[in-house]
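This is what each chain is made of:
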Amino acid sequence: MPPTLASLVHHSALKLTVRAGEDRLDVPVRWAHVSELADPVPYMEGGELLLITALKLDAENPEAMRRYVRRLVGAGVVGLGFAVGVNYEEIPGALVDAAEAEGLPLLEVPRRTPFLAISKAVSAAIAADQYRAVTAGFAAQRELTKQALNAGPEGLLAALASQVDGWAALYDASGAVVATAPEWAGRRAARLTADVERLRERPAPASSVVGGPEHEDRVELHTLGTGRRPRAALAVGTAAAPGTAERYAVHSAIALLTLTTERSRSLHAAEQRVGAAVLRMLLAGEPDHARAVAGDLYGELLDAPFRVIVAEAASVSAARVVDSGARVALTKASAAVLAAASDTHGDPLGALTEIVESAAARAGEAVLVVPEGEDEAARLVVLAADGGAAVAACAKYAEALEAARAGDVSEQPVGADEDELVVGLSAPAGPIAAAAAYKQAEQALSVARRRGRVCVEHEQLAAGSVLPLLADDAVKAFADGLLRALHEHDATGRGDLVASLRAWLSRHGQWDAAAADLGVHRHTLRYRMRRVEEILGRSLDDADVRMELWLALKATSAE
């Protein structure tokens, strides 16, 4: 620890005597400073032992000494050393009384003790304390390194908590708590999730200090990683600000965890290459080979039903049908999910990857994530356990994006060039049916893109109606071309062929019922249907023709 007034008083070579403030000798001394100025306060930083001979002081004036001592105490001076036998044979009573009144320790310095000796003693004690701190810091670094190598991040956190006499927690890229030490700190660390999320929004490296509720503790937050976006965060809770040795330990932990994080990224890239090989084998119909390559890394995933997720980054300028007046308020859950992916703004596939992998890691699930292609053709393929945390996180993120899209659509210009996410989700499948599941996910992705949805599950395709698919621009163009001649005929006022065709098809070719709907004689309706055949050059006896005409009518009526 740094030198204190007590340690200086007990220094046998200095022969100091306490004349006031005996109960305040345990305060640390930052430096010993000599000043004969009547007001040395402008040159004080706080924590000094001020040494004087009272050369320019009216030391016997009680009022002047009260003002002088009060100014020193206000500036943070921790003690006053008065040299006797120079200008005064003993310390004037006015100064002693003023020091007693303000609680300022007053030390009598004998004539044979030069101020330089006191300064040297303080300097030597400070240097010794710093040496001890550096030595302790190196020892802490060795212990942290040993624990990181032998027990991983969990062991490192335990060693760090012991070094700082507090607690430590590690957060992943999404802000979720990964590990804590001691175990009781888990609940405390979880309450800091919002602070960690705010820290991740700042340029890396970043740090902040958070005070606990009702001064429960003092927590330092530090981002981890060498890239533009933090890969993780470290929280260190202590009762007070860390000292030099504790600071060395914290900085060593940050460096080691950063190395671990970067090493994890390299391992993750290698795992992705293995995952890509497993996926290719599954899609090629070689499940046995895929199992052999998957090993312990992805073997668990292939032992139970899984789902295939195919995601792409689509431009807003792609066709999207929305109600320009729609306003949907984001729920707290949706806002939280979007905040978790805020640092991947502009990279929707990166955000989805981070969310899915973080959810799987927290649940202890295996998940296979394979990026495909680059730039505009980029897509993401995910194999995740059916009913697991990764699939649930994907669905929750899609719901949050849907809510956000609906909520800000009136403020977002049509055709804005920004990326959005489109996701297709297959039905549950096993390794043998992986290729079919991949096809299902692609089909669901195509439907999601056409409907302007973020995510569509394959099961929803059969449960819904085919009519929403008619909103596709290509279908509308076909319908307009097929019915154009009939619309041009009706525009001349020579008969309502389009309405008659719609009524006849809706009544499944029943003449009397369709004529009654139109309010005309059935012979009139028969004549109109012959005119339709003549104008279109197609026979209404052909079931395919009737189907195409009906779909064309439905497509144009949806506008």
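Provided above is the structure to which this section pertains.
About the thresholds
- Residues numbered from 1 in each chain as written.
- Predicted model: local features only at pLDDT ≥ 70, side-chain atom pairs only at ≥ 80, totals over all residues.
- Heavy atoms only, no water.
- Phe/Tyr/Trp six-rings, centres within 6.5 Å; stacked < 30°, edge-to-face > 60°.
- Buried < 20%, exposed > 50% of the residue type's maximum accessible area, 1.4 Å probe, protein only.
- Pairing = 2+ DSSP bridges.
- Helix = DSSP H or I, 4+ residues; strand = E, 2+ residues; numbered from the N terminus.
- Axes fitted to C-alpha atoms, helices over the stretch in contact; angles between N-to-C directions.
- Contact = heavy atoms within 4.5 Å.
- Expected span 1.5 Å × (residues − 1).
- Arc of directions from axis to C-beta.
- Polar contact = N/O pair within 3.5 Å; in protein donor to acceptor, adjacent residues only side chain to side chain.

Caption draft 1: Seen up close, the packing of aromatic side chains. Summed over the entire model, instances satisfying the criterion amount to 3 aromatic pairs. Each ring, one from tryptophan 504 and one from tryptophan 511, has its centre 5.5 Å from the other, and the planes form 40°; the classification is tilted. Classification of tryptophan 504 by relative accessible area gives buried; the value is 7%.

Caption draft 2: The arrangement of the sheet that holds strand β9 (residues 218–224) in detail. Taken in spatial order, the 5 strands of this open sheet run β7-β6-β10-β9-β8, and their pairing is antiparallel. Where the open sheet ends on each side, the last strands, each with one partner, are β7 (177–181) and β8 (207–211). Pairwise comparison of adjacent strand axes, ignoring direction, gives a mean angle of 20° for this sheet. Where β8 and β9 come together, 5 bridges link them in antiparallel fashion. Residue pairing for β9: serine 207 is matched across the bridge by histidine 222. Contacting β6 (167–171), β7 and β10 (232–238), helix α4 (residues 115–164) runs over the sheet at an angle of about 150° to β6. Where helix α6 (residues 193–200) meets the sheet, its contacts fall on β6, β8, β9 and β10, and the angle it forms with β9 comes to roughly 40°.

Caption draft 3: Summary view of helix α18 (residues 543–557). Here α18 contains 15 residues, and its C-alpha end-to-end distance of 21 Å stays within 8% of the 21 Å for a straight helix at 1.5 Å per residue. Taken as a whole, α18 has its buried residues at Val545, Leu549, Ala552, Leu553, Ala555 and Thr556. Taken down its axis, α18 places every buried residue within 165° of arc, on the same side. For α18, the N-terminal capping position is held by aspartate 542, with its side-chain oxygen 2.9 Å away from the main-chain nitrogen of aspartate 544.

So yeah, pure geometry; function would need other evidence.
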